[in-house]
Amino acid sequence: MGIVAAMVVIIIVIAMSRRGKNVSTPGMGTIAMLQVAFYTKQGSIRKEFNRIGDSANFDSPSGLAQFLNKAMIFIGRHSEDISHYYFECSDKMDIGRLEHEFESKVSSEKMKYNSGPGGATSSDELEIDQHVVISAFIASERVDLKNEQVGDIHSLKQTANKLSGISARSIYAVEIILDPSDTQDSLSRETMEIEFPKLIRI
């Protein structure tokens, strides 16, 4: 299953018994969203990220956690290629509301995706500032992420590292979207900043 070919990487809701009071709250959860824009570098970023999805096992909670781990490590490892970022985490909420809010946030992102950004550019027409955007949505028991303050590339890497460590026992749902989906397309900086207005330039 290719990440690029399919807009939605994976959505898995896991109902399990859970424990822990300090960084997780059983029966409650938060939704973290991390968006990162990369310089395209002739498609190498997209191809490498696609390989992570192709090798992932989405049939088990541990496989999902491993995929999230690899995706976040990928972001940290390619921090020199990041041009923009954004991170937010919701207040903690009960499971019913969590499911509704997760679906709402992801659906909003899908609508943007399906509308087709007008500034998508073929790779053979690339200029200097061309980008792809990775949007990761993670619903989990982790309630400490609300306190994350991302203000520069160093703190961004720290946050990605924390997200990479979310265990299979704590994950409710994960969805990752790569935009544009076409392997030959990228976004101009101007279009990207219109389509993703919350992104902060490094």
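Residues numbered from 1 in each chain as written. Predicted model: local features only at pLDDT ≥ 70, side-chain atom pairs only at ≥ 80, totals over all residues. Heavy atoms only, no water.

**Q** Any chance you could explain helix H1 (residues 44–54) here in plain terms?
**A** Note: α-helices contain 3.6 residues per turn, so residues at a spacing of three or four share the same orientation. Those residues of H1 lying buried are Ile45, Arg46, Phe49, Asn50, Ile52 and Gly53. Burial along H1 is one-sided: seen end-on, the buried residues are contained in an arc of 150°. Facing away from the buried side of H1, by more than 90 degrees, are the exposed residues Lys47 and Arg51. (Buried < 20%, exposed > 50% of the residue type's maximum accessible area, 1.4 Å probe, protein only. Helix = DSSP H or I, 4+ residues; strand = E, 2+ residues; numbered from the N terminus. Arc of directions from axis to C-beta.)

**Q** Can you walk me through the pairing of strand S2 (residues 82–89) in this structure?
**A** When a strand is regular, its side chains alternate between the sheet's two faces. For S2, the buried fraction is high: eight of the eight residues fall into the buried class. Alignment of strand S1 (residues 28–39) against S2, held across seven bridges, turns out to be antiparallel. Within the sheet, the bridge partner assigned to Leu34 lies in S2 and is Phe87. Sheet topology note: the S2/strand S8 (residues 200–201) ladder contains two bridges and is antiparallel. Within the sheet, the bridge partner assigned to His84 lies in S8 and is Arg201. (Pairing = 2+ DSSP bridges.)

**Q** So what exactly am I meant to see when it comes to the layout of surface pockets here?
**A** Think of a ball as big as a water molecule: rolled over the atoms, this probe shows where empty space is left. Estimates place the volume of the second largest pocket at around 200 Å³. Along its surface, the second largest pocket is lined by Met33, Gln35, Glu88, Lys105, Ser108, Glu109, Lys112, Phe137, Phe196, Pro197 and Lys198. When contributions to the lining of the second largest pocket are tallied by element, the ones reaching two or more residues are S1 and helix H3 (95–115). Grouping the constituent residues of the lining of the second largest pocket by class yields four nonpolar, two polar and five charged. (1 Å grid on protein atoms, 1.4 Å probe; cavity = no way out; pocket = protein on both sides within 12 Å on 5 of 7 lines; lining within 4 Å. Points joined across faces, edges and corners; volume = space filled by probe spheres on them. Nonpolar A, V, L, I, M, F, W, Y, C, P; charged D, E, K, R; others polar.)

**Q** Would you mind showing me how to read the packing of H1 against helix H2 (residues 61–77) here?
**A** Packed helices, taken two at a time, are described by the angle between their axes plus the distance between the axes. Running from amino to carboxyl end, H1 crosses H2 at an angle of 160°, the nearest separation of the two axes being 10 Å. Relative to H2, the element H1 lies roughly antiparallel. Read as a crossing pair, H1 and H2 show a hand that is right-handed. Between H1 and H2, the residues in contact are Ile45, Glu48, Phe49, Ile52 and Gly53 and Phe67, Lys70, Ala71, Phe74 and Arg77, respectively. Its residues placed into classes, the contact of H1 with H2 shows six nonpolar, one polar and three charged. (Axes fitted to C-alpha atoms, helices over the stretch in contact; angles between N-to-C directions. Parallel < 35°, antiparallel > 145°, perpendicular 65-115°, else oblique. Left-handed = near helix turned anticlockwise from the far one by under 90°. Contact = heavy atoms within 4.5 Å.)

**Q** Please explain the packing of H2 against helix H4 (residues 153–164) as it appears in this structure.
**A** Where H2 meets H4, the closest approach of the two axes is 8 Å, and the angle between their N-to-C directions is 165°. In terms of orientation, H2 and H4 fall into the roughly antiparallel class. The way H2 lies across H4 gives a crossing that is left-handed. Residue-level inspection shows Leu68, Asn69, Met72, Ile73, Ile75 and Gly76 of H2 in contact with H4, the latter providing Lys157, Ala160, Leu163 and Ser164. For the contact of H2 with H4, the per-class residue count stands at six nonpolar, three polar and one charged.

**Q** I keep staring at the confidence of the model for the protein chain and nothing clicks. Help me out?
**A** Reading predicted coordinates in detail is not appropriate for stretches of low pLDDT. For the protein chain, per-residue confidence averages 80 on the pLDDT scale, and 78% of positions sit at 70 or higher. Low pLDDT, under 50, characterises residues 1–22; the predicted model gives this stretch 68 contacts beyond four residues in sequence or across chains. The low-confidence segment residues 122–126, where pLDDT is below 50, has five contacts with residues more than four positions distant or belonging to other chains. (pLDDT = per-residue confidence, 0-100.)

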